Amino acid sequence: MGPAAYRTAGLSQVSAELGWTITYLGDAAPTEEPILDHANHAVKNLEALAGWTHSLSGKALEMARGCDLPVFLAAITQCRPAPYWA
């Protein structure tokens, strides 16, 4: 479900009931970055990584300037569960 899961779970409402003021700034999206040339063939999707880093750092600065306590909530939907050994 991704970030919508936090909204569906009512996190904003519960936080407001606890006395916090919630400002929803929208879902994050990566910026478009130019092709980055590098010699390390183990590095994959460097442009996407740079796009997300640039986007989130900009959003963090925006939040830090306008909020008392900026909070990022992430919902990672494309990861595999870690193996579990008993």
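Below is a short write-up of the structure.

About the thresholds
- Along each chain, residue indices are assigned from 1 in the same order as the chain's sequence is written.
- In keeping with the predicted nature of the model, local features appear solely for residues at pLDDT of at least 70, side-chain atom pairs appear and are counted solely at 80 or more, and the whole-chain, interface and lining totals rest on all residues.
- Where side-chain values are given, they derive from all heavy atoms of the structure, hydrogens and water being excluded.
- Helix and strand definitions here come from DSSP, where helices need a minimum of 4 consecutive H or I residues and strands a minimum of 2 consecutive E residues; each element is numbered from the N-terminal end.
- Contacts were defined at the residue level, with two residues in contact if any of their heavy atoms lie within 4.5 Å.
- Accessible surface area values rest on a Shrake-Rupley calculation with a 1.4 Å probe, where residue burial reflects the displayed protein chains alone.
- Buried means the residue's accessible area, taken with a 1.4 Å probe over protein chains only, is under 20% of the maximum for its type, while exposed means over 50%, and partly exposed covers the values in between.
- The definition of a polar contact used here is a pair of N or O atoms within 3.5 Å, where within protein one atom must be able to donate a hydrogen and the other to accept one, and adjacent residues in sequence count solely through side-chain atom pairs.

**Concerning the overall build of the protein**
1) Next: Each helix and strand in the protein was counted, giving 3 helices and 0 strands.
2) Next: Within the protein, counting contacts between residues at least 6 apart in sequence, those at least 24 apart form 39% of the total.
3) Next: Summed over its atoms, the accessible surface of the protein is roughly 7,500 Å², and 60% of this surface lies on carbon and sulfur atoms.

**Brief notes about the environment of Ser 55**
1) Next: Mapped onto the elements, Ser 55 comes out in helix α3 (residues 46–66).
2) Next: Take Ser 55: its relative accessible area is 15%, and that puts it in the buried class.
3) Next: Residues Ser 55 and Thr 31, 24 residues apart in the sequence, show an inter-C-alpha distance of 5.7 Å.
4) Next: Apart from residues no more than four positions distant in its own chain, Ser 55 is found in contact with Ala 29, Pro 30 and Thr 31.
5) Next: Within the structure, the side chain of Ser 55 is placed 2.5 Å from the backbone oxygen of Ala 29, a separation counted as a polar contact.

**With respect to unusual backbone geometry**
1) Next: At Asn 45, a position not held by glycine, the phi torsion is positive, near 55°.
2) Next: Within the secondary structure, Asn 45 is located in the loop between α2 (11–17) and α3.
3) Next: On the basis of relative accessible area, Asn 45 is assigned to the exposed category, the value being 58%.

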